[in-house]
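Read off the chains here:
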Amino acid sequence: MFKNVIVRVPSQTVSEGITSANEGKPDYRKALVQHENYVSALTKLGVDVTVLAPHDEFPDSCFVEDVALCTSKVAIITRPGALTRRKEAELPDMKEALEKFNQNIETIKEPGTVESGDIMMVGDHFYIGLSARTNQAGADQMIAILEKYGLSGEAVPLKEVLHLKTGLSYIENNNLLVSGEFKNDPRFDTFNKLEIDPDEAYGANCIWVNGTVIVASGYPKIQKKIEGLGYPVLNVDTSEYRKIDGGLSCLSLRF
Ligand code: CIR
């Protein structure tokens, strides 16, 4: 179960976030409303939400998932691969929030780069995507830190997606949403795989929070599959974040 969540309010510069999508720029006001709805959905699921203030100098800073990994034993501050995001991981209010909840804090160091959108937690094991943002040195450091605290990790090379969790979401009870390049990856064969069609690929990024799955609005086939397994589902519209390659998991740290 998760007790706490950390989020950061999108800044007015959110329209300048890094993007590979060709869907226009996010509208700041709509992004704010969608963020508020995201926080209320989380609150309904029984977590305490720590809301950090926006930072105009970092257009992507609402995607707090990428700057830390929170585990039951240790929080690890990352070193983002995207240069415009690197200093987001050093923001003092994030460090303070992490220190409030964690006795042990570790940090990824040069030449390692890690963005935690590349990290999927399955119990005490962590799959770490090797991507344009997370390099081998970063993954090696992350695995060494996890092992120091009795946890484990393994690297997963990525071919197409931005982050590992762009295409994979673990929703507990051995259930894994898989899209694109992960559908035939034997690493994930022991999971109950829920395959996602290419036309709903963005919706693969769901989050499990205390028994409920939050699914982005507008992905009915995915929602039906998840409901078919007996999970209650909440919808949150993330259409403004989709325009800058962000989704549900990216917008929070959950622990
Ligand atoms: C970026 O390219 O870094 C942001 N525009 C999107 C980050 C999405 N984060 C995530 O998947 N964890």
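See above for the structure.
All of the points below concern the structure found in this document. (Residues numbered from 1 in each chain as written. Predicted model: local features only at pLDDT ≥ 70, side-chain atom pairs only at ≥ 80, totals over all residues. Heavy atoms only, no water.)

1. Considerations on the side chain of Gln223
By the secondary structure assignment, Gln223 is in helix H5 (residues 220-228). Relative accessible area serves as the criterion here: at 17%, Gln223 is assigned to the buried category. Among the polar contacts made by the side chain of Gln223, one reaches the side chain of Asn235 at a distance of 2.9 Å. Sequence-distant contacts of Gln223, defined by excluding residues within four places in its chain, comprise Val233 and Asn235. (Helix = DSSP H or I, 4+ residues; strand = E, 2+ residues; numbered from the N terminus. Buried < 20%, exposed > 50% of the residue type's maximum accessible area, 1.4 Å probe, protein only. Polar contact = N/O pair within 3.5 Å; in protein donor to acceptor, adjacent residues only side chain to side chain. Contact = heavy atoms within 4.5 Å.)

2. Things to note about the packing of aromatic side chains
All chains considered together, the criterion is met by 9 aromatic pairs. The interplanar angle of 80 degrees and the centroid separation of 6.0 Å between the aromatic rings of Phe63 and Tyr241 together place this pair among those described as edge-to-face. Note that Phe63 is positioned in the loop between strand E2 (48-52) and strand E3 (68-70) and Tyr241 in helix H6 (residues 239-242), a separation of 178 residues in sequence. Taking relative accessible area as the criterion, Phe63 reaches 3% and is therefore assigned buried. By relative accessible area, which is 1% here, Tyr241 ends up buried. Where Phe188 meets Phe191, the ring centres are 6.2 Å apart and the plane angle is 45 degrees; that geometry is what we call tilted. Each member of the pair, Phe188 together with Phe191, is buried. Cluster of aromatic residues (ring-pair linked, three or more members): Tyr127, Tyr170, Phe182, Phe188 and Phe191. (Phe/Tyr/Trp six-rings, centres within 6.5 Å; stacked < 30°, edge-to-face > 60°.)

3. Topic: the environment of Leu130
Within the fold, Leu130 resides in strand E7 (residues 125-130). In sequence terms Leu130 and His163 are 33 residues apart; their C-alpha atoms lie 8.4 Å from each other. Contacts of Leu130, omitting those with residues within four sequence positions, involve Asn135, Gln136, Ala139, Ala155, Val156, Pro157 and Leu158.

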